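Observations on chain architecture
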Amino acid sequence: MIRATTLERVLLVLSDFVALSICFALAFWVQFHSGWIIDKFDPNKTFDQYLYMGIVLNVGWLLLFTCAGLYRSWLLMSRTHQILRVLRAVVVGIVIVIIGLFGAEFIGKVFANQPLNQDYLYGSRFPWIFIYGGLALALVSIFRLVIYWCLRGLLRLGYGANSILVLGATEAGQKIAEAFAKTPARGQRVVGFVDERYQVIPHEFAGAPVLGKYSDLPALVKKHRVSGIIIAHDSTSPQEIMRVLVWVCELPIHIYVVPELYGVVNGQFKGNLVYGFELQELFAFTMPPWQVRVKRIMDLFVGGLIGICSLPLSLFAAIAIKLNDHGPIFYSQERIGLYGKPFTVYKFRTMRTDAEKFGAQWATKDDPRITKIGKFLRKTRIDELPQILCVLKGDMSMVGPRPERAVFIGKLREQIPFYISRLKMKPGLTGWAQVRHHYDTSIEDVQIKLRYDMYYYENMSLLLDFQILVRTVYVVLTGKGAQ
(Lines give C-alpha, C1' and ligand atoms only; values in the text may rest on other atoms or scores of the structure.)
Protein backbone atom coordinates (compact mmCIF):
# COMPACT_ATOMS: atom_id res chain seq x y z
CA MET A 1 0.00 0.00 0.00
CA ILE A 2 1.29 3.47 -0.89
CA ARG A 3 1.77 5.64 2.20
CA ALA A 4 -0.07 8.94 2.42
CA THR A 5 3.18 10.89 2.61
CA THR A 6 4.58 9.26 -0.57
CA LEU A 7 1.36 9.80 -2.52
CA GLU A 8 1.21 13.35 -1.18
CA ARG A 9 4.65 14.30 -2.52
CA VAL A 10 4.02 12.73 -5.93
CA LEU A 11 0.72 14.55 -6.32
CA LEU A 12 2.20 17.86 -5.16
CA VAL A 13 4.97 17.72 -7.75
CA LEU A 14 2.53 16.82 -10.54
CA SER A 15 -0.02 19.46 -9.54
CA ASP A 16 2.62 22.18 -9.26
CA PHE A 17 3.96 21.29 -12.70
CA VAL A 18 0.45 21.41 -14.20
CA ALA A 19 -0.35 24.73 -12.47
CA LEU A 20 2.90 26.32 -13.62
CA SER A 21 2.40 24.97 -17.16
CA ILE A 22 -1.01 26.66 -17.29
CA CYS A 23 0.60 29.90 -16.14
CA PHE A 24 3.29 29.65 -18.82
CA ALA A 25 0.72 28.90 -21.55
CA LEU A 26 -1.34 31.94 -20.52
CA ALA A 27 1.81 34.09 -20.39
CA PHE A 28 2.67 32.98 -23.94
CA TRP A 29 -0.81 33.83 -25.17
CA VAL A 30 -0.83 37.24 -23.49
CA GLN A 31 2.60 38.15 -24.83
CA PHE A 32 2.29 37.06 -28.45
CA HIS A 33 -1.39 36.55 -29.32
CA SER A 34 -3.57 38.77 -27.12
CA GLY A 35 -2.37 42.09 -28.49
CA TRP A 36 -2.28 43.50 -24.97
CA ILE A 37 1.52 43.95 -25.19
CA ILE A 38 1.93 45.92 -28.42
CA ASP A 39 5.68 45.53 -28.92
CA LYS A 40 5.47 41.74 -28.41
CA PHE A 41 2.37 40.97 -30.52
CA ASP A 42 3.25 38.29 -33.10
CA PRO A 43 0.48 35.81 -34.10
CA ASN A 44 3.02 33.80 -36.10
CA LYS A 45 4.62 32.56 -32.91
CA THR A 46 3.63 28.97 -32.04
CA PHE A 47 3.65 27.40 -28.60
CA ASP A 48 5.88 24.50 -29.65
CA GLN A 49 8.66 27.02 -30.33
CA TYR A 50 8.69 27.86 -26.62
CA LEU A 51 7.90 24.40 -25.23
CA TYR A 52 11.53 23.73 -24.22
CA MET A 53 11.74 27.11 -22.47
CA GLY A 54 8.51 26.36 -20.61
CA ILE A 55 9.81 22.99 -19.39
CA VAL A 56 13.09 24.55 -18.21
CA LEU A 57 11.20 27.33 -16.40
CA ASN A 58 8.88 24.85 -14.69
CA VAL A 59 11.76 22.66 -13.58
CA GLY A 60 13.38 25.78 -12.13
CA TRP A 61 10.19 26.51 -10.20
CA LEU A 62 10.08 22.93 -8.87
CA LEU A 63 13.70 23.17 -7.72
CA LEU A 64 12.90 26.44 -5.97
CA PHE A 65 9.85 24.87 -4.30
CA THR A 66 12.02 21.93 -3.22
CA CYS A 67 14.56 24.25 -1.59
CA ALA A 68 11.69 26.13 0.08
CA GLY A 69 10.54 22.88 1.73
CA LEU A 70 7.23 22.69 -0.13
CA TYR A 71 7.58 18.96 -0.78
CA ARG A 72 7.81 17.81 2.82
CA SER A 73 4.65 16.36 4.30
CA TRP A 74 2.06 19.08 4.90
CA LEU A 75 -0.86 16.72 5.42
CA LEU A 76 -1.24 17.43 9.14
CA MET A 77 -0.02 21.01 9.13
CA SER A 78 -1.73 24.38 8.78
CA ARG A 79 -3.01 25.20 5.29
CA THR A 80 -2.40 28.88 5.98
CA HIS A 81 1.21 28.18 6.85
CA GLN A 82 1.65 26.22 3.64
CA ILE A 83 0.14 28.95 1.45
CA LEU A 84 2.40 31.53 3.10
CA ARG A 85 5.36 29.31 2.23
CA VAL A 86 4.12 29.13 -1.37
CA LEU A 87 3.78 32.93 -1.39
CA ARG A 88 7.36 33.36 -0.20
CA ALA A 89 8.67 30.94 -2.82
CA VAL A 90 6.70 32.63 -5.62
CA VAL A 91 7.99 36.07 -4.60
CA VAL A 92 11.56 34.77 -4.72
CA GLY A 93 10.86 33.13 -8.07
CA ILE A 94 9.43 36.31 -9.59
CA VAL A 95 12.47 38.28 -8.43
CA ILE A 96 14.69 35.69 -10.15
CA VAL A 97 12.58 35.92 -13.34
CA ILE A 98 12.88 39.72 -13.35
CA ILE A 99 16.63 39.56 -12.83
CA GLY A 100 16.91 37.00 -15.62
CA LEU A 101 14.85 39.07 -18.06
CA PHE A 102 16.14 42.54 -17.30
CA GLY A 103 19.22 42.17 -15.12
CA ALA A 104 21.80 42.13 -17.92
CA GLU A 105 20.23 45.10 -19.69
CA PHE A 106 19.89 47.05 -16.43
CA ILE A 107 23.52 46.45 -15.45
CA GLY A 108 24.70 47.28 -18.99
CA LYS A 109 22.91 50.61 -18.97
CA VAL A 110 24.18 51.47 -15.51
CA PHE A 111 27.80 50.83 -16.49
CA ALA A 112 27.30 52.65 -19.82
CA ASN A 113 25.73 55.58 -17.96
CA GLN A 114 22.64 55.36 -20.17
CA PRO A 115 19.15 56.38 -19.04
CA LEU A 116 16.97 53.54 -17.79
CA ASN A 117 13.88 52.61 -19.76
CA GLN A 118 10.94 53.65 -17.60
CA ASP A 119 8.60 51.41 -19.60
CA TYR A 120 9.93 48.44 -17.67
CA LEU A 121 8.73 49.99 -14.42
CA TYR A 122 5.56 51.75 -15.47
CA GLY A 123 4.87 50.41 -18.97
CA SER A 124 3.34 47.22 -20.24
CA ARG A 125 5.79 44.46 -19.22
CA PHE A 126 6.32 44.59 -15.47
CA PRO A 127 2.62 44.44 -14.52
CA TRP A 128 2.19 41.25 -16.55
CA ILE A 129 5.11 39.61 -14.77
CA PHE A 130 3.45 40.33 -11.44
CA ILE A 131 0.13 39.03 -12.80
CA TYR A 132 1.96 35.85 -13.85
CA GLY A 133 3.30 35.52 -10.30
CA GLY A 134 -0.13 36.08 -8.78
CA LEU A 135 -1.68 33.51 -11.08
CA ALA A 136 1.07 31.00 -10.18
CA LEU A 137 0.38 31.58 -6.48
CA ALA A 138 -3.37 31.15 -6.95
CA LEU A 139 -3.24 28.00 -9.10
CA VAL A 140 -0.52 26.27 -7.08
CA SER A 141 -2.40 26.97 -3.83
CA ILE A 142 -5.80 25.91 -5.19
CA PHE A 143 -4.43 22.69 -6.68
CA ARG A 144 -2.74 21.87 -3.39
CA LEU A 145 -5.90 22.47 -1.37
CA VAL A 146 -7.83 20.17 -3.70
CA ILE A 147 -5.16 17.48 -3.28
CA TYR A 148 -5.37 17.66 0.50
CA TRP A 149 -9.14 17.53 0.39
CA CYS A 150 -8.89 14.31 -1.66
CA LEU A 151 -6.12 12.82 0.50
CA ARG A 152 -8.08 13.41 3.66
CA GLY A 153 -11.03 11.66 2.04
CA LEU A 154 -8.83 8.63 1.29
CA LEU A 155 -7.50 8.61 4.86
CA ARG A 156 -11.06 8.63 6.22
CA LEU A 157 -11.68 5.52 4.14
CA GLY A 158 -8.59 3.87 5.65
CA TYR A 159 -6.15 4.20 2.73
CA GLY A 160 -2.53 5.34 3.00
CA ALA A 161 -2.18 5.89 6.75
CA ASN A 162 1.26 5.79 8.39
CA SER A 163 1.86 3.00 10.92
CA ILE A 164 2.38 3.90 14.58
CA LEU A 165 3.45 1.76 17.55
CA VAL A 166 2.39 2.75 21.07
CA LEU A 167 4.81 1.79 23.84
CA GLY A 168 2.80 0.97 26.92
CA ALA A 169 -0.56 -0.81 27.17
CA THR A 170 -1.65 1.90 29.60
CA GLU A 171 -4.47 4.39 30.08
CA ALA A 172 -2.45 7.04 28.23
CA GLY A 173 -1.78 4.58 25.40
CA GLN A 174 -5.48 3.71 25.20
CA LYS A 175 -6.43 7.39 24.87
CA ILE A 176 -3.94 7.86 22.06
CA ALA A 177 -5.14 4.79 20.16
CA GLU A 178 -8.78 5.86 20.53
CA ALA A 179 -7.98 9.39 19.37
CA PHE A 180 -6.32 8.10 16.19
CA ALA A 181 -9.17 5.66 15.56
CA LYS A 182 -11.77 8.45 15.84
CA THR A 183 -9.86 10.81 13.52
CA PRO A 184 -8.46 8.75 10.61
CA ALA A 185 -7.92 11.98 8.64
CA ARG A 186 -4.82 12.51 10.77
CA GLY A 187 -3.17 9.89 8.58
CA GLN A 188 -1.85 7.79 11.47
CA ARG A 189 -2.89 4.25 12.35
CA VAL A 190 -1.94 2.38 15.53
CA VAL A 191 -0.81 -1.08 14.38
CA GLY A 192 -0.16 -2.34 17.88
CA PHE A 193 1.23 -1.92 21.37
CA VAL A 194 4.63 -2.82 22.79
CA ASP A 195 4.91 -3.52 26.50
CA GLU A 196 7.53 -5.12 28.76
CA ARG A 197 4.71 -7.12 30.39
CA TYR A 198 4.02 -8.80 27.03
CA GLN A 199 4.09 -12.33 28.47
CA VAL A 200 1.66 -11.65 31.35
CA ILE A 201 -0.95 -9.31 29.83
CA PRO A 202 -3.65 -10.02 27.22
CA HIS A 203 -2.33 -9.89 23.65
CA GLU A 204 -4.97 -7.38 22.64
CA PHE A 205 -5.51 -3.91 24.08
CA ALA A 206 -7.71 -0.98 23.02
CA GLY A 207 -8.66 -2.79 19.83
CA ALA A 208 -5.05 -3.38 18.73
CA PRO A 209 -2.66 -6.32 19.26
CA VAL A 210 0.13 -6.29 21.83
CA LEU A 211 3.06 -7.29 19.63
CA GLY A 212 6.04 -7.72 21.94
CA LYS A 213 8.61 -6.15 24.25
CA TYR A 214 11.10 -3.29 23.78
CA SER A 215 13.73 -5.68 22.50
CA ASP A 216 11.36 -6.61 19.66
CA LEU A 217 11.14 -3.00 18.43
CA PRO A 218 13.76 -3.18 15.64
CA ALA A 219 12.04 -6.22 14.09
CA LEU A 220 8.53 -4.78 14.57
CA VAL A 221 9.47 -1.44 12.99
CA LYS A 222 10.78 -3.25 9.93
CA LYS A 223 7.90 -5.75 9.70
CA HIS A 224 5.10 -3.17 9.99
CA ARG A 225 6.97 -0.34 8.22
CA VAL A 226 6.47 1.86 11.27
CA SER A 227 7.06 5.60 10.83
CA GLY A 228 6.83 6.58 14.49
CA ILE A 229 6.50 5.34 18.05
CA ILE A 230 4.72 6.96 20.99
CA ILE A 231 6.05 6.38 24.50
CA ALA A 232 2.99 6.19 26.74
CA HIS A 233 4.28 4.11 29.65
CA ASP A 234 2.99 4.78 33.17
CA SER A 235 6.54 5.03 34.51
CA THR A 236 8.01 8.52 34.44
CA SER A 237 11.50 7.50 35.53
CA PRO A 238 14.47 8.49 33.37
CA GLN A 239 15.61 4.86 33.44
CA GLU A 240 12.41 3.72 31.74
CA ILE A 241 12.78 6.28 28.97
CA MET A 242 16.42 5.25 28.53
CA ARG A 243 15.43 1.60 28.19
CA VAL A 244 13.18 2.48 25.28
CA LEU A 245 15.64 4.77 23.55
CA VAL A 246 18.39 2.14 23.66
CA TRP A 247 16.36 0.11 21.15
CA VAL A 248 15.00 2.84 18.89
CA CYS A 249 17.43 5.78 18.81
CA GLU A 250 19.18 4.56 15.66
CA LEU A 251 15.98 3.64 13.81
CA PRO A 252 14.70 5.96 11.02
CA ILE A 253 11.49 6.78 12.89
CA HIS A 254 9.96 9.63 14.86
CA ILE A 255 9.92 9.24 18.65
CA TYR A 256 7.11 10.89 20.61
CA VAL A 257 6.16 11.11 24.27
CA VAL A 258 3.05 12.32 26.07
CA PRO A 259 3.61 15.69 27.80
CA GLU A 260 3.67 14.19 31.30
CA LEU A 261 6.66 12.06 30.36
CA TYR A 262 8.43 14.79 28.46
CA GLY A 263 9.56 16.41 31.72
CA VAL A 264 11.94 13.48 32.18
CA VAL A 265 14.17 14.63 29.33
CA ASN A 266 13.08 18.26 28.99
CA GLY A 267 16.01 20.64 28.68
CA GLN A 268 18.12 18.14 26.71
CA PHE A 269 16.07 17.72 23.54
CA LYS A 270 13.70 19.88 21.59
CA GLY A 271 10.05 18.95 21.31
CA ASN A 272 7.29 19.77 18.86
CA LEU A 273 3.53 19.48 19.15
CA VAL A 274 2.38 16.96 16.53
CA TYR A 275 -0.71 15.36 15.04
CA GLY A 276 -2.92 18.21 16.20
CA PHE A 277 -2.93 17.17 19.85
CA GLU A 278 -0.49 16.99 22.70
CA LEU A 279 2.39 14.77 21.72
CA GLN A 280 5.96 15.95 21.73
CA GLU A 281 8.86 14.69 19.66
CA LEU A 282 12.28 13.69 20.93
CA PHE A 283 15.31 14.23 18.72
CA ALA A 284 13.28 16.43 16.39
CA PHE A 285 15.29 17.20 13.25
CA THR A 286 15.22 20.98 13.04
CA MET A 287 17.33 21.75 9.96
CA PRO A 288 15.04 23.21 7.24
CA PRO A 289 14.66 20.97 4.16
CA TRP A 290 16.20 23.55 1.83
CA GLN A 291 19.29 23.73 4.05
CA VAL A 292 19.59 19.92 3.95
CA ARG A 293 19.76 20.07 0.15
CA VAL A 294 22.17 23.01 0.14
CA LYS A 295 24.32 21.13 2.68
CA ARG A 296 24.61 18.22 0.24
CA ILE A 297 25.53 20.59 -2.60
CA MET A 298 28.16 22.15 -0.33
CA ASP A 299 29.50 18.67 0.48
CA LEU A 300 30.00 17.96 -3.21
CA PHE A 301 31.52 21.36 -3.96
CA VAL A 302 33.80 21.66 -0.90
CA GLY A 303 34.72 17.97 -0.98
CA GLY A 304 35.60 18.08 -4.67
CA LEU A 305 37.60 21.29 -4.24
CA ILE A 306 39.56 19.92 -1.28
CA GLY A 307 40.14 16.65 -3.10
CA ILE A 308 41.63 18.39 -6.12
CA CYS A 309 43.68 20.94 -4.17
CA SER A 310 45.05 18.28 -1.79
CA LEU A 311 46.39 15.97 -4.50
CA PRO A 312 50.01 17.13 -3.93
CA LEU A 313 49.63 16.54 -0.17
CA SER A 314 48.13 13.12 -0.80
CA LEU A 315 51.00 12.21 -3.11
CA PHE A 316 53.49 13.37 -0.45
CA ALA A 317 51.71 11.30 2.22
CA ALA A 318 51.65 8.19 0.05
CA ILE A 319 55.38 8.40 -0.70
CA ALA A 320 56.27 9.16 2.92
CA ILE A 321 54.26 6.21 4.27
CA LYS A 322 55.83 3.85 1.76
CA LEU A 323 59.36 5.03 2.56
CA ASN A 324 58.73 4.87 6.31
CA ASP A 325 58.02 1.13 6.67
CA HIS A 326 57.21 -0.20 3.16
CA GLY A 327 53.70 -1.15 4.33
CA PRO A 328 50.36 -0.37 2.65
CA ILE A 329 49.54 3.29 2.05
CA PHE A 330 45.87 3.17 2.92
CA TYR A 331 44.01 1.77 5.89
CA SER A 332 40.39 0.73 5.37
CA GLN A 333 37.86 0.13 8.10
CA GLU A 334 34.13 -0.47 8.37
CA ARG A 335 32.28 2.31 10.15
CA ILE A 336 28.62 2.83 11.01
CA GLY A 337 26.78 5.66 9.29
CA LEU A 338 23.31 7.18 9.22
CA TYR A 339 20.71 4.93 10.90
CA GLY A 340 23.26 2.18 11.44
CA LYS A 341 24.19 1.68 7.78
CA PRO A 342 27.75 0.28 7.52
CA PHE A 343 30.22 1.72 5.02
CA THR A 344 33.96 1.61 4.44
CA VAL A 345 36.25 4.56 5.22
CA TYR A 346 39.75 4.98 3.91
CA LYS A 347 42.58 6.80 5.66
CA PHE A 348 46.29 7.17 5.14
CA ARG A 349 47.85 4.57 7.41
CA THR A 350 49.39 6.17 10.50
CA MET A 351 49.99 3.08 12.66
CA ARG A 352 52.08 -0.04 12.35
CA THR A 353 50.57 -2.83 10.30
CA ASP A 354 50.16 -4.94 13.48
CA ALA A 355 48.51 -2.11 15.46
CA GLU A 356 45.37 -4.11 16.26
CA LYS A 357 46.73 -7.60 16.61
CA PHE A 358 45.19 -7.68 20.10
CA GLY A 359 41.85 -6.25 18.94
CA ALA A 360 40.31 -2.81 18.49
CA GLN A 361 41.38 -0.13 20.95
CA TRP A 362 41.44 3.63 21.27
CA ALA A 363 44.50 5.67 20.42
CA THR A 364 46.32 7.01 23.48
CA LYS A 365 48.64 9.91 24.10
CA ASP A 366 52.08 9.13 22.65
CA ASP A 367 50.66 5.85 21.32
CA PRO A 368 53.65 3.60 20.46
CA ARG A 369 51.70 2.06 17.57
CA ILE A 370 51.79 5.36 15.63
CA THR A 371 54.63 5.60 13.11
CA LYS A 372 56.93 8.60 12.82
CA ILE A 373 55.28 9.89 9.66
CA GLY A 374 51.92 8.93 11.18
CA LYS A 375 52.38 11.46 13.98
CA PHE A 376 52.81 14.24 11.43
CA LEU A 377 49.86 13.07 9.33
CA ARG A 378 47.61 12.95 12.40
CA LYS A 379 48.78 16.30 13.72
CA THR A 380 47.98 17.99 10.39
CA ARG A 381 44.87 15.82 9.75
CA ILE A 382 46.27 14.84 6.36
CA ASP A 383 45.47 11.21 7.23
CA GLU A 384 41.76 12.05 6.90
CA LEU A 385 41.95 13.24 3.26
CA PRO A 386 40.96 9.90 1.61
CA GLN A 387 37.60 10.17 3.40
CA ILE A 388 36.69 12.85 0.86
CA LEU A 389 35.64 9.88 -1.30
CA CYS A 390 33.04 8.95 1.34
CA VAL A 391 31.74 12.53 1.27
CA LEU A 392 31.38 12.50 -2.50
CA LYS A 393 29.62 9.11 -2.38
CA GLY A 394 27.15 10.41 0.21
CA ASP A 395 28.11 8.07 3.06
CA MET A 396 29.52 11.06 4.96
CA SER A 397 29.11 14.82 5.06
CA MET A 398 31.79 17.46 5.44
CA VAL A 399 30.36 18.29 8.88
CA GLY A 400 28.86 15.84 11.35
CA PRO A 401 29.81 13.47 14.18
CA ARG A 402 32.76 11.22 13.43
CA PRO A 403 31.72 7.72 12.29
CA GLU A 404 32.45 5.03 14.84
CA ARG A 405 33.23 1.33 14.54
CA ALA A 406 30.53 -1.24 15.24
CA VAL A 407 32.57 -2.90 17.99
CA PHE A 408 32.83 0.37 19.92
CA ILE A 409 29.18 1.31 19.33
CA GLY A 410 28.09 -2.01 20.80
CA LYS A 411 30.02 -1.23 24.00
CA LEU A 412 29.27 2.47 24.23
CA ARG A 413 25.49 2.16 23.77
CA GLU A 414 25.41 0.10 26.98
CA GLN A 415 27.54 2.55 28.97
CA ILE A 416 26.43 5.98 27.76
CA PRO A 417 22.75 7.02 27.66
CA PHE A 418 21.64 8.40 24.27
CA TYR A 419 24.97 7.52 22.62
CA ILE A 420 23.17 5.67 19.85
CA SER A 421 21.30 8.90 18.96
CA ARG A 422 24.41 9.95 17.02
CA LEU A 423 23.23 7.57 14.31
CA LYS A 424 20.39 9.95 13.48
CA MET A 425 23.03 12.19 11.88
CA LYS A 426 25.11 11.53 8.79
CA PRO A 427 28.73 11.23 9.98
CA GLY A 428 31.17 13.95 8.99
CA LEU A 429 34.78 14.53 8.07
CA THR A 430 34.89 17.13 10.82
CA GLY A 431 32.42 18.18 13.47
CA TRP A 432 31.64 20.34 16.47
CA ALA A 433 33.15 17.74 18.79
CA GLN A 434 36.34 17.54 16.71
CA VAL A 435 37.00 21.28 16.85
CA ARG A 436 36.10 21.51 20.54
CA HIS A 437 37.77 18.37 21.90
CA HIS A 438 40.67 16.01 21.20
CA TYR A 439 40.75 12.39 20.05
CA ASP A 440 38.86 9.85 22.17
CA THR A 441 41.10 8.17 24.72
CA SER A 442 38.51 7.09 27.31
CA ILE A 443 34.81 6.75 28.06
CA GLU A 444 34.91 10.23 29.62
CA ASP A 445 36.11 11.68 26.29
CA VAL A 446 33.28 9.91 24.46
CA GLN A 447 30.73 11.36 26.90
CA ILE A 448 32.08 14.86 26.37
CA LYS A 449 32.01 14.45 22.61
CA LEU A 450 28.45 13.14 22.74
CA ARG A 451 27.34 16.38 24.37
CA TYR A 452 28.99 18.32 21.56
CA ASP A 453 27.41 16.04 18.96
CA MET A 454 23.94 16.49 20.43
CA TYR A 455 24.45 20.24 20.56
CA TYR A 456 25.24 20.09 16.84
CA TYR A 457 22.15 17.97 16.14
CA GLU A 458 19.83 20.36 17.98
CA ASN A 459 21.35 23.47 16.36
CA MET A 460 22.24 22.11 12.93
CA SER A 461 22.39 24.87 10.30
CA LEU A 462 24.48 26.01 7.36
CA LEU A 463 25.87 28.83 9.50
CA LEU A 464 27.06 26.37 12.16
CA ASP A 465 28.57 24.15 9.44
CA PHE A 466 30.48 27.12 8.07
CA GLN A 467 31.71 27.99 11.57
CA ILE A 468 32.92 24.42 12.09
CA LEU A 469 34.74 24.37 8.74
CA VAL A 470 36.52 27.63 9.61
CA ARG A 471 37.50 26.31 13.03
CA THR A 472 38.72 23.10 11.39
CA VAL A 473 41.17 25.12 9.31
CA TYR A 474 42.50 26.59 12.57
CA VAL A 475 42.80 23.12 14.12
CA VAL A 476 44.67 21.82 11.08
CA LEU A 477 47.08 24.77 11.02
CA THR A 478 47.80 24.63 14.77
CA GLY A 479 47.62 20.88 15.30
CA LYS A 480 45.22 21.44 18.20
CA GLY A 481 43.50 18.29 19.39
CA ALA A 482 45.63 15.86 17.40
CA GLN A 483 46.54 12.52 18.95
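Scoring rules and cut-offs
Residues numbered from 1 in each chain as written. Predicted model: local features only at pLDDT ≥ 70, side-chain atom pairs only at ≥ 80, totals over all residues. Heavy atoms only, no water. Salt bridge = Lys/Arg side-chain N within 4 Å of Asp/Glu carboxyl O. Helix = DSSP H or I, 4+ residues; strand = E, 2+ residues; numbered from the N terminus. Buried < 20%, exposed > 50% of the residue type's maximum accessible area, 1.4 Å probe, protein only. Axes fitted to C-alpha atoms, helices over the stretch in contact; angles between N-to-C directions. Parallel < 35°, antiparallel > 145°, perpendicular 65-115°, else oblique. Contact = heavy atoms within 4.5 Å. Nonpolar A, V, L, I, M, F, W, Y, C, P; charged D, E, K, R; others polar. Phe/Tyr/Trp six-rings, centres within 6.5 Å; stacked < 30°, edge-to-face > 60°. Lys NZ or Arg CZ within 6 Å of the ring centre and 35° of its normal. Expected span 1.5 Å × (residues − 1). Patch = residues over 30% accessible without salt bridge, like charges linked within 9 Å, V, L, I, M, F, W, Y side chains within 5 Å. Areas by Shrake-Rupley, 256 points an atom, 1.4 Å probe, with all protein chains shown as cover. Core = buried A, V, L, I, M, F, W, Y, C linked by side-chain atoms within 4.5 Å. Arc of directions from axis to C-beta. Pairing = 2+ DSSP bridges. 1 Å grid on protein atoms, 1.4 Å probe; cavity = no way out; pocket = protein on both sides within 12 Å on 5 of 7 lines; lining within 4 Å. Points joined across faces, edges and corners; volume = space filled by probe spheres on them. pLDDT = per-residue confidence, 0-100.

1. Details of the pattern of salt bridges
With the rule as written, the count across this model stands at 10 salt bridges. A salt bridge links R144 to D16; its shortest N-O distance comes to 2.9 Å. With a gap of 128 residues between them, R144 in helix α5 (residues 126-156) and D16 in helix α1 (residues 4-32) connect regions that are remote in the sequence. Linking R349 and D325 is a salt bridge whose minimum nitrogen-to-oxygen distance equals 2.6 Å. Of this pair, R349 sits in the loop between β10 (342-348) and α12 (372-380) while D325 sits in helix α11 (residues 311-325), and the two are 24 residues apart along the sequence. Taking the relative accessible area as the measure of exposure, R349 reaches 5% and is therefore buried. What you see here is one network of salt bridges that share partners, running through K347, D383, E384 and R402.

2. As for the packing of α11 against α12
Between α11 and α12, the least distance of the axes is 9 Å, while the angle of their chain directions is 155°. When the interaxial angle is binned, α11 and α12 end up roughly antiparallel. Side by side, α11 and α12 meet where F316, A317, A320, I321 and N324 of the first sit next to K372, I373, F376 and L377 of the second. Classifying every residue of the contact of α11 with α12 by side-chain character gives 7 nonpolar, 1 polar and 1 charged.

3. Topic: the packing of aromatic side chains
Inspection of the entire model under this criterion finds 9 aromatic pairs. Feature note: the residues F28, F32 and Y50 constitute an aromatic cluster, connected by ring pairs. In this structure, K45 packs its charged tip against the face of F32, placed 5.8 Å from the ring centre. In this arrangement the basic side chain of R79 is found over the ring face of Y148, its NZ or CZ atom lying 4.5 Å from the centre.

4. Observations regarding helix α2 (residues 51-67)
Its 17 residues place the ends of α2 25 Å apart at the C-alpha level, agreeing with the 24 Å of an ideal helix rising 1.5 Å per residue. Within α2, burial applies to G54, N58, W61, L62, L64, F65 and T66.

5. Thoughts on a nonpolar patch on the surface
Side chains of F17, F47, L51, I55, V59 and L63 sit close together on the surface and give an oily, nonpolar patch of about 490 Å² of accessible area. Looking at the nonpolar patch, the element that brings in the most residues is α2, giving 4 residues. You can see I55 is positioned in helix α2. When its relative accessible area of 39% is taken as the criterion, I55 is described as partly exposed.

6. Details of unusual backbone geometry
Trans peptide bonds make up the majority, and among non-glycine residues the majority have a negative phi. Even without a glycine there, the phi angle at A206 is positive, about 50°. Along the chain, A206 falls in the loop between β3 (204-205) and β4 (208-212). Judged by its relative accessible area of 37%, A206 falls in the partly exposed class. The backbone of R225 sits at a positive phi, close to 50°, despite the residue not being glycine. Looking at the secondary structure, you find R225 in the loop between α7 (217-223) and β5 (226-231).

7. A short note on the nonpolar core
Formed by 54 residues in total, the largest nonpolar core has its most connected members in L165, L167, I229, L245, V248 and F283. For this core, the element with the most residues is helix α16 (residues 443-458), which contributes 5 residues. Contact partners of I229, with chain neighbours within four places excluded, come to L165, L167, V244, V248, I253, H254, I255 and Y256.

8. So, helix α14 (residues 406-415)
What α14 keeps buried is the set F408, I409 and L412. Projection of α14 onto a plane perpendicular to its axis shows the buried side chains occupying an angular sector of 100°, all on one side. Buried-residue contacts for α14 involve β9 (330-336) and α16.

9. Some words on the pairing of β10
Pairing between β9 and β10: 7 bridges, direction antiparallel. Counted as the bridge partner of E334 is T344 from β10. Counting the residues in the hairpin turn of β9 and β10 gives 5 residues, including Y339, whose phi is positive at 55°.

10. Things to note about the environment of G410
Its location among the elements puts G410 in helix α14. For G410 and I420, which are 10 residues apart along the polypeptide, the C-alpha to C-alpha distance reads 9.2 Å.

11. Some remarks on empty space enclosed by the protein
Taken as a whole and judged by the stated rule, the model has 3 cavities of 30 Å³ or more. Estimated volume of the largest cavity: approximately 80 Å³. Along its surface, the largest cavity is lined by 14 residues, and I336, R402, E404, R422 and L423 are the ones closest to its centre. Of the residues belonging to the lining of the largest cavity, the class tally is 10 nonpolar, 1 polar and 3 charged.

12. Concerning the confidence of the model for the protein
Of all residues in the protein, 84% have pLDDT values of 70 or greater, and the mean over the chain is 82. Counting contacts from residues 262-271, a segment whose pLDDT is below 50, to residues more than four positions away or on other chains yields 27 contacts.

13. Looking at the side chain of S15
The residue S15 is located in helix α1 in this model. On the accessibility criterion, S15 (9% relative accessible area) is buried. Apart from the residues within four sequence positions on either side, S15 is in contact with F143 and I147.

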